[in-house]
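What follows is the residue order along each chain.
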Amino acid sequence: IGAGPAGMEAARIAAQRGHTVSLYEKKASLGGLVATAQPFKGGHERLGDLIDYLKHQQEVCGVEVHTETEVTADMVREKAPDAVIVAVGGTRDTRLEETEAVKIVSVEGLANAETGENVVICGDGAQAIDCALFLLAQGKHVQIVSETEKELVDKEQSLWVRAFVVPHLQAQGVRMWHNVQIGSVVEGGLEITLSTGEDKTLECDSVLECYDMLPNSALFDELKSEFEAIAVGDCNNPLNIAQAIREGNLAARSL
């Protein structure tokens, strides 16, 4: 269930091992957040090639693919499979409400959003940093609001990537506010409380909510007592593309 990289890899391996496999995806196309990440990562990371490869593998391996189908526990009970791999992706917290002057933008909507010139990003993980780089390339003025220590910025990336990317952002004028409490959106921007207890308003036209993703285990929790069920990818442990593919691969091999 779910056709991001974890789900597609699980389907590929399970089919190669002789299982009859059906892959369900609620969206109209396959790829999950990898498709969302494409414009932020850039063509040099070849995420489009990864999606195309995994899509083709569904055809080669004989996986029955169903798009635009949101799976429920009742639907799974009706199908009565021998095993279920749940790869429905993570969920993301939303805390802010926009005003007439300040828009709230989601990661999924950022690529086509009218953000204005000044953007504040709430979040400090790899996705937030990739979005900051994307906005900088458009000439935007970017600030990052982090609820954690500065050592955890871009934490999903390798140490050597962080060693270059974070200083690059700072050299391009990106101000990072660490250990802050995020308040609310006001007409002038985003209110935050610094670690010193001082309240501050960051002037901006838009706020991008890009907090760390959270597990999304509701469907898995409903199914695990009735079926041999395995949760993989962001719905189990939000991290990165490589880890999601690894979990999907290992889950299919365990069946």
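Residues numbered from 1 in each chain as written. Predicted model: local features only at pLDDT ≥ 70, side-chain atom pairs only at ≥ 80, totals over all residues. Heavy atoms only, no water.

## Brief notes about the nonpolar core
Our working definition: Only buried residues count toward a nonpolar core, which is a set of Ala, Val, Leu, Ile, Met, Phe, Trp, Tyr and Cys residues joined through side-chain atoms within 4.5 Å. For each residue, the accessible area found with a 1.4 Å probe, counting protein chains only, is set against the maximum for its type, and the residue is called buried under 20%, exposed over 50%, and partly exposed in between. In DSSP terms, a helix is any run of H or I states spanning at least four residues, a strand is any run of E spanning at least two, and both are numbered starting from the N terminus.
Counting residues in hydrophobic clusters, the biggest one holds 24 residues, and the most contacted among them are Leu110, Ile121, Val142, Ile144, Leu169 and Leu208. Those elements that provide at least two residues to this core are β5 (118-122), α5 (126-137), β6 (141-145) and α6 (159-171). When residues of this core are assigned to their parent elements, the largest contribution, seven residues, is made by α5. One finds Ala6, Val21, Leu30 and Cys61 within the second-largest nonpolar core, a separate group that totals 20 residues.

## With respect to the sheet that holds strand β9 (residues 189-193)
Stated formally: Paired strands, in this sense, are two strands between which DSSP finds at least two bridges. To obtain an axis, a line is fitted to C-alpha atoms, over the contacting stretch when the element is a helix, and the angle between two such axes runs from 0 to 180 degrees between their N-to-C directions.
Strand order across the open sheet formed by three strands is β8-β9-β10, with antiparallel pairing between neighbours. Here the strands that pair on one side only, and so sit at the sheet edges, are β8 (181-186) and β10 (199-203). Strand-to-strand, the axes of this sheet are offset by a mean angle of 25°, without reference to chain direction. Two elements, β8 and β9, share four bridges in a ladder whose sense is antiparallel. Among the inter-strand pairings, glutamine 181 is bridged to a residue of β9, identified as threonine 193.

## Digging into the pairing of β9
Examined bridge by bridge, β9 and β10 share five bridges and lie antiparallel to one another. Bridge pairing links isoleucine 192 to lysine 200 in β10. What sits between the antiparallel neighbours β9 and β10 is a turn of five residues, in which glycine 197 has the positive phi angle 95°.

## Considerations on the sheet that holds strand β11 (residues 206-209)
The strand order across the open sheet formed by five strands is β4-β11-β5-β6-β7, and the pairing between neighbours is parallel. Edge positions in the sheet fall to β4 (103-106) and β7 (175-177), since each has one partner strand and no second. Averaged over all pairs of adjacent strands, the angle between strand axes in this sheet comes to 25°, irrespective of strand direction. Pairing geometry for β5 and β6, over five bridges, is parallel. Its bridge partner being in β6, valine 120 is matched across the sheet by glutamine 143.

## Re the packing of aromatic side chains
Short version of the rule: In summary, the pairing rule links any two rings of Phe, Tyr or Trp, Trp by its six-membered ring, whose centres are within 6.5 Å, and it sorts them by plane angle into stacked for under 30 degrees, edge-to-face for over 60 and tilted for everything else. Charge-over-ring contacts are defined here by two conditions on Lys NZ or Arg CZ: a distance within 6 Å of the ring centre and an angle within 35 degrees of the ring normal.
Tallying each qualifying case throughout the model produces zero aromatic pairs. Note that arginine 95 overlies the ring of tyrosine 211, its terminal NZ or CZ placed 3.9 Å from the centroid. Sitting above the plane of the tryptophan 177 ring, arginine 175 keeps its charged end 3.9 Å from the centroid.

## Description of unusual backbone geometry
Peptide bonds are, in most cases, trans, and in most cases residues other than glycine have a negative phi. In the Ramachandran plot, aspartate 154 falls in the positive-phi region, its phi being about 65° despite a non-glycine side chain. With respect to the helices and strands, aspartate 154 occurs in the loop between β6 and α6.

## Looking at the packing of helix α1 (residues 5-16) against helix α8 (residues 241-253)
Test applied: Each angle is binned into one of four classes, with values under 35 degrees roughly parallel, values over 145 roughly antiparallel, values of 65 to 115 roughly perpendicular, and all other values oblique. Helix crossings are classified by the rotation of the near helix relative to the far one: an anticlockwise turn of less than a right angle makes the crossing left-handed, while a clockwise turn makes it right-handed. By the convention used here, residues are in contact when the closest approach between their heavy atoms is within 4.5 Å. Each residue is assigned to one class: nonpolar for Ala, Val, Leu, Ile, Met, Phe, Trp, Tyr, Cys and Pro, charged for Asp, Glu, Lys and Arg, and polar for all the others, Gly among them.
With their axes 7 Å apart at the nearest point, α1 and α8 run at an angle of 30° to one another. Put simply, α1 runs roughly parallel to α8. As for the relative orientation of α1 and α8, their crossing is right-handed in sense. On the side of α1, the interface is formed by Pro5, Ala6, Glu9, Ala10, Arg12, Ile13 and Ala14, while α8 contributes Ile241, Ala244, Ile245, Gly248, Asn249, Ala252 and Arg253. Partitioned by chemical class, the residues of the contact of α1 with α8 number nine nonpolar, two polar and three charged.

## Describing the packing of helix α2 (residues 33-41) against helix α3 (residues 47-60)
Relative orientation of the contacting elements α2 and α3 amounts to 155°, with a least axis distance of 9 Å. With respect to their mutual orientation, α2 and α3 come out roughly antiparallel. Between α2 and α3, the residues in contact are Val34, Ala35, Ala37, Gln38 and Lys41 and Leu47, Gly48 and Ile51, respectively. Across the contact of α2 with α3, the residue classes break down as five nonpolar, two polar and one charged.

## Some details on the environment of arginine 175
Along the chain, arginine 175 turns up in strand β7. Separated by 109 residues in sequence, arginine 175 and histidine 66 place their C-alpha atoms 44 Å apart. Setting aside anything within four residues of it in sequence, one finds arginine 175 in contact with Val142, Gln143 and Ile144.

## Concerning the pattern of salt bridges
Our working rule: Here, a salt bridge means any side-chain nitrogen of Lys or Arg that lies within 4 Å of a carboxyl oxygen of Asp or Glu.
Following the criterion strictly, the structure yields twelve salt bridges and no others. With a shortest N-O distance of 2.6 Å, arginine 77 and aspartate 74 are connected by a salt bridge. Of this pair, arginine 77 and aspartate 74 both sit in helix α4 (residues 73-79), three residues apart, which is roughly one turn of the helix. The exposure class of aspartate 74 is exposed, given its relative accessible area of 55%. For arginine 95, the salt bridge is made with glutamate 147, and the minimal N-O distance between the two is 2.7 Å. You can see arginine 95 sitting in the loop between β3 (83-86) and β4 and its partner glutamate 147 sitting in the loop between β6 and α6, a full 52 residues away along the chain. In the salt-bridge network here, residues are joined through shared partners; they are Asp74, Arg77, Glu222 and Glu226.

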